[in-house]
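# Architecture and fold: a report
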Amino acid sequence: MKKDKLKPMLFSVMKSYDGKKLVTDVISGIIVAIIALPLSIALALASGVGPEQGIYTAIVAGFIISFLGGSRVQIAGPTAAFATIVAGIVAKNGMGGLALATVLAGVILIIMGFLRLGSLIRFIPYTITTGFTAGIAVTILIGQVKDFLGLTYPKGTVTVETMDKTRAIGANISTLNYQALIVGGVSLLILIVWPFISRKIPGSLIAVIVGILMVKFLNMDVNTIGNLYNISNSLPGFTMPDFSFAMIKEVAPDAFTIAILAAIESLLSCVVADGMINSHHRPNMELIAQGAGNIGSALFGGIPATGAIARTAANIKNGGRSPIAGMVHSVVLVLVLVLLMPYAAMIPMPTIAAILFMVAYNMCQWRTFVHLCKTAPKSDIFVLVTTFVLTIVFDLVVAIEAGMIMACVLFMKRMSDESGVSSWKYYDPEEDPDGIELKKIPKSVRVYEISGPMFFGDADRLAGVHFKDYTKVIIMRMRGVPALDATAMHAMEQLCERCEEKGIRLVFSHVNEQPMRTMVKSGFVDRIGRDNFRPHIDDAIAWATEICKPE
C-alpha cells in the first residue's frame, strides 16, 4: 500500500469489514463522543465563539475527515492549537471573517494534498512546533484565569491579545470570587485525580457533573455558560461567507496559518496513531480530507478543525480500528446536540476553565521543552525560546514566520560552516621519502577538494582558489559535493573565466549526479569539455599529467 495513494482509507478498510469490527467501532465512537462533548464546548468558548459552534465542528468536520481521511483511526474536531488564533480572527473580523478564513484554509489544504505536499510538513523544525505549542498552552492558561478566579472586568476592558489579558488580570485581581475559585479548584482536583480511579469514564465529564451540582445545590454565586451565552440545540444551518476581495485580502494570512497548523497537527496525530496500531496513513489524502472537513465546518457554522491526538488515542485504546468509529462519534454528537444541549447552560465557567487548564498542561510538553533547552545546540534553543515568546507576546502568525526565517538562516549558516574548498598539501619527496600514500602530481597541477553542498551561502569560497604562474591545470575534486545551486554554478563559471584568462585548464573529478545535471543544463560541461570530467581522482591526475606534457 502506497502512503501517498489518493484514496480514502475507509474504502480500503471496508473490503475486509465485518459485524464484529462494526460493534467495536460503534462502542469506541460512543465513548469518544462522550470525551469530545465537554472538550468541544470548552475549546469553542476559549475560541471566542458559542458552545454549539464547538459541537458543530466536531459533527461536520469530524464526519467528513473520518469519511475521506487517510488514517484508519483519526478523530477530528476543534483543538486547543486553534483557540487563540480563532479568538483573534473573531475579535477582528467576526464570525463571517472566521468562516471565510476557514474556507480558504480548506482550499489550501486540498491543493497541498493534490500537489502531494504531505511529506513536506517534516521540514518544519521540531523546535518551532515545540515552541509554538508550548506558547499556545500558556496563552490558553492565561485566557482562562479570569473565569477560574471569577474576576470581574470593567466595561470596555480590551482582552483580545494575551498581554491585554495579563494586564487585565493584574488590574482586577481584587475582584476575585472565592466561590468560583472553590468550584474551579474542585473541578481541577477531579481532573487530576480521576484518571487514577477510572480511565473508562472521562474525568472532564465527572468534573462537569460535580460542578453543576455544586452551583445548583449549594446556591453558589458563579457564572455558568447560560449566564454568558445563548444556548441553541438546533442543527447547524448552511451559511455562505462573504467572498469579497477586500475580506479575502484581510483574512488570507490567517487562512494560511490555519492551513499550516491543521496540516501539522493532523499529520502529527496520524504518525502517533500509526505507532499505536502498527499501520501507515496516507498523508496527502489526509490533507485533502482536512481541507474538505474545514470547508464543511465553516459552511455549517463551525470553527477550524484538525486531527485531535488525545481523542484519536482514546479511540484506539477503546478498540476503534476504522474510520467508522469517527463517523459514529459525529452521529452521537448530533443526538447529544438535539437532546442534551440545553443542559450545557448549567455548566459553571470555572469548570470549563479547569478543563482548559488540563488541556493546556497536556499540550505544553514542558518536559520536552526543558530537555531541548538542556541538550540542543544553542542556535536551536534560540529558535525554540524565540518562537515560544513570540507566540505569547504577539501571535502564532508572527511566531511561525519568525521561527521559520531563523531556522532557515541558522540551517544555512550550519551548512556553510560544514562546506569548504581546500587545496591539497604539497610535500617534497626528499623530505618525506616514506610517504607511500602520497600521490605524484606534476608541479604545474594543483588539486582542490570541495566538501559539502555548494549553495549561495558559501559560493564565494571558490574565490579562494589560487594558482601560480606555472600552473597549467587545476583539478576540482567534488566527491563530497551532493548538491550545487545556481549561485554556486555562477561562481564556478567565474572561476572558469579566471582560468581561461591565464590559459589554465579545469579538470573535474567525481562530480555527483545533481551537480552534474546542473552543469550540463547550464552548458558548463560543454564549455569545459567532457573529456575534462573524470570519474576518479587518479584518472583526473593522469589526465592532467597528459595535458601538461610538452607538445
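Above this note sits the structure.
Now for a look at the structure at hand. For every chain, the first residue of the written sequence is number 1, and numbering continues from 1 onward in sequence order. Confidence filtering applies because this is a predicted model: local features only for residues at pLDDT of at least 70, side-chain atom pairs given and counted only at 80 or more, and all residues used for totals across whole chains, interfaces and linings. Only heavy atoms go into the side-chain values, all of them from the structure, while hydrogens and water stay out.

### Examining the overall build of the protein chain
Put simply, the rule reads: Only DSSP runs of H or I reaching four residues or more are called helices, and only runs of E reaching two or more are called strands; each is numbered from the N terminus. Each radius of gyration reported is based on C-alpha atoms, and the globular scaling rule is 2.2 Å times the count of residues to the power 0.38. Whether a residue is buried, partly exposed or exposed follows from its accessible area with a 1.4 Å probe, protein chains only, as a fraction of its type maximum: under 20%, in between, or over 50%, in that order. Throughout, a contact is declared for two residues whenever any of their heavy atoms are within 4.5 Å. Note on areas: Shrake-Rupley, 1.4 Å probe, and residue coverage restricted to the protein chains presented here. The sign given to each residue is positive for Lys and Arg and negative for Asp and Glu; His and the chain ends receive no count. The location of each charge is read from NZ of Lys, CZ of Arg, CG of Asp or CD of Glu.
Assigned secondary structure in the protein chain consists of 21 helices and seven strands. Over its C-alpha trace the protein chain gives a radius of gyration of 31 Å, far above what one expects of a compact globule, namely 24 Å for 551 residues. Counting only C-alpha atoms, the protein chain reaches 110 × 60 × 55 Å along its principal axes. Relative to its 551 residues, the protein chain shows a buried fraction of 52%. Contacts in the protein chain between residues far apart in sequence, at least 24 positions, make up 83% of those at least 6 positions apart. Accessible area for the protein chain stands at about 26100 Å²; split by element, carbon and sulfur atoms hold 63% of it. Averaged over its 47 positive side-chain charges, the protein chain has a centre that lies 8 Å from the centre of its 41 negative ones.

### Some thoughts on the state of the cysteines
This is how it is decided: When two cysteine sulfur atoms are found within 2.5 Å, that pair is recorded as a disulfide.
All chains considered together, the criterion is met by zero disulfides. Looking at Cys-373, it has no disulfide partner, and the nearest cysteine sulfur is the one in Cys-364, 13 Å off. Its relative accessible area of 30% is what places Cys-373 among the partly exposed residues.

### Observations concerning the sheet that holds strand β5 (residues 473–480)
The strands making up a sheet are joined through hydrogen bonds of the backbone, oriented either antiparallel or parallel. Put simply, the rule is: Paired strands, in this sense, are two strands between which DSSP finds at least two bridges. Only the stretch in contact is used when a helix axis is fitted, and all axes are lines through C-alpha atoms; the angle between N-to-C directions ranges over 0 to 180 degrees.
Strand order in the open sheet formed by five strands is β3-β4-β5-β6-β7, with mixed pairing between adjacent strands. On the outer flanks of this sheet lie β3 (420–423) and β7 (533–534), each paired with one strand and no other. Contacts from helix α18 (residues 486–501) reach β4 (445–451), β5 and β6 (505–509) within the one sheet, and its direction differs from that of β6 by about 140 degrees.

### Comments concerning the packing of aromatic side chains
So the rule is basically this: Aromatic rings from Phe, Tyr and Trp, taking only the six-membered ring of Trp, are treated as a pair when their centres fall within 6.5 Å; an angle between ring planes under 30 degrees marks them as stacked, one over 60 as edge-to-face, and anything in between as tilted. For a lysine, the NZ atom is tested; for an arginine, the CZ atom; a charge sits over a ring if that atom is within 6 Å of the ring centre and within 35 degrees of the ring normal.
For the coordinates displayed, the defined rule picks out seven aromatic pairs. Relative to Phe-300, the ring of Phe-238 lies with its centre 5.6 Å away and its plane at 75 degrees, an arrangement referred to as edge-to-face. Here the residue Phe-238 occupies a position in the loop between α9 (225–228) and α10 (245–277), and Phe-300 occupies one in the loop between α11 (283–299) and β2 (306–307), the gap between them amounting to 62 residues. Stacked on the ring of Tyr-153, the Lys or Arg Lys-146 has its end atom at 5.3 Å from the ring centre.

### Some points on the packing of helix α4 (residues 83–114) against α10
So the rule is basically this: A crossing counts as left-handed when the near helix is turned anticlockwise from the far one by less than a right angle, and as right-handed when that turn is clockwise. In this classification, Asp, Glu, Lys and Arg are treated as charged, Ala, Val, Leu, Ile, Met, Phe, Trp, Tyr, Cys and Pro as nonpolar, and every other residue, Gly included, as polar.
Interaxial distance between α4 and α10 falls to 6 Å at its minimum, and their mutual angle equals 60 degrees. Read as a crossing pair, α4 and α10 show a hand that is right-handed. Residue composition of the contact of α4 with α10, grouped by class: 18 nonpolar, four polar and three charged.

### Here's the deal with the nonpolar core
In plain terms, the rule: What we call a nonpolar core is a set of buried Ala, Val, Leu, Ile, Met, Phe, Trp, Tyr and Cys residues that are connected through their side-chain atoms within 4.5 Å.
Formed by 100 residues in total, the largest nonpolar core has its most connected members in Ile-41, Phe-132, Ile-140, Ile-347 and Ile-352. Grouped together as the second largest cluster of nonpolar side chains are 27 residues, Met-476, Leu-484, Val-511 and Phe-533 included.

### Notes on helix α21 (residues 537–548)
As a reminder of what qualifies: Multiplying one less than the number of residues by 1.5 Å gives the expected span of a helix. By definition, the arc is the one covered by directions from the helix axis to the C-beta atoms.
For α21, spanning 12 residues, the distance from its first C-alpha to its last is 16 Å, which sits close to the expected 16 Å at 1.5 Å a residue. Every buried residue of α21 is accounted for by Ile-537, Ala-540, Ile-541, Ala-544 and Cys-548. All buried residues of α21 project into a common sector of 100 degrees when viewed along the axis, lining one side. Buried-residue contacts for α21 involve β4, β5, β6 and β7.

### Side note on the environment of Gln-144
The topology assignment puts Gln-144 in helix α5 (residues 126–149). Using a relative accessible area of 7% as the deciding quantity, one classes Gln-144 as buried. C-alpha of Gln-144 to C-alpha of Ile-352: the two residues are 208 residues apart in sequence and 8.4 Å apart in space. Once you skip the residues sitting within four places of it in the chain, Gln-144 turns out to touch Ala-46, Ala-353, Leu-356 and Phe-357.

### Re the side chain of Asn-284
The criterion, for reference: By the criterion applied in these results, polar contacts are pairs of N or O atoms within 3.5 Å in which, for protein atoms, one can donate a hydrogen and the other can accept it, and in which residues neighboring in sequence qualify only through two side-chain atoms.
In this structure, Asn-284 sits in helix α11. When its relative accessible area of 3% is taken as the criterion, Asn-284 is described as buried. Of the polar contacts made by the side chain of Asn-284, one reaches the backbone nitrogen of Gly-118; its length is 2.7 Å.

### Describing the environment of Ala-399
One can find Ala-399 in helix α17 (residues 396–418). Distance in space between the C-alpha atoms of Ala-399 and Ala-459 is 31 Å, their sequence separation being 60 residues. When near neighbours in sequence (up to four residues on either side) are disregarded, Ala-399 contacts Thr-387, Leu-390 and Thr-391.

### What about a nonpolar patch on the surface?
Selection criterion: Residues enter a patch when their relative accessible area is above 30% and they make no salt bridge; the linking distance is 9 Å between like charges and 5 Å between nonpolar side chains (Val, Leu, Ile, Met, Phe, Trp, Tyr). Within this document, salt bridges are pairs made up of a side-chain nitrogen of Lys or Arg and a carboxyl oxygen of Asp or Glu, the two lying within 4 Å of each other.
Taken together, the side chains of Leu-235, Leu-335, Val-338, Leu-339, Leu-340, Tyr-343 and Met-346 present a nonpolar region at the surface, about 690 Å² in accessible area. Summarising the element assignment, Leu-340 is placed in helix α13 (residues 323–340). Leu-340 gets classed as partly exposed once you look at its relative accessible area, which sits at 45%.

### Quick notes on the pairing of β5
Condition: By convention, a crossover is right-handed whenever its connection, traced from the first strand over the helix to the second and viewed with the strands pointing away, goes clockwise.
Buried residues dominate β5, accounting for six of its eight residues. Pairing analysis gives six bridges linking β4 to β5, with the strands arranged parallel. Bridging across to β5, Glu-449 finds its partner in Arg-477. As defined by bridge partners, β5 adjoins β6 across five bridges and the pair is classed as parallel. Bridge pairing in β6 links Met-476 to Phe-508. On the question of chirality, the crossover connecting β5 to the parallel β6 by way of α18 is right-handed.

### So, unusual backbone geometry
Located in the positive-phi region is Asn-219, a residue other than glycine, with phi close to 50 degrees. Topologically, Asn-219 is positioned in the loop between α8 (203–217) and α9. Residues other than glycine seldom take positive phi values, yet Gln-365 does so here, at roughly 50 degrees. Of note, Gln-365 is situated in the loop between α14 (349–364) and α15 (366–375).

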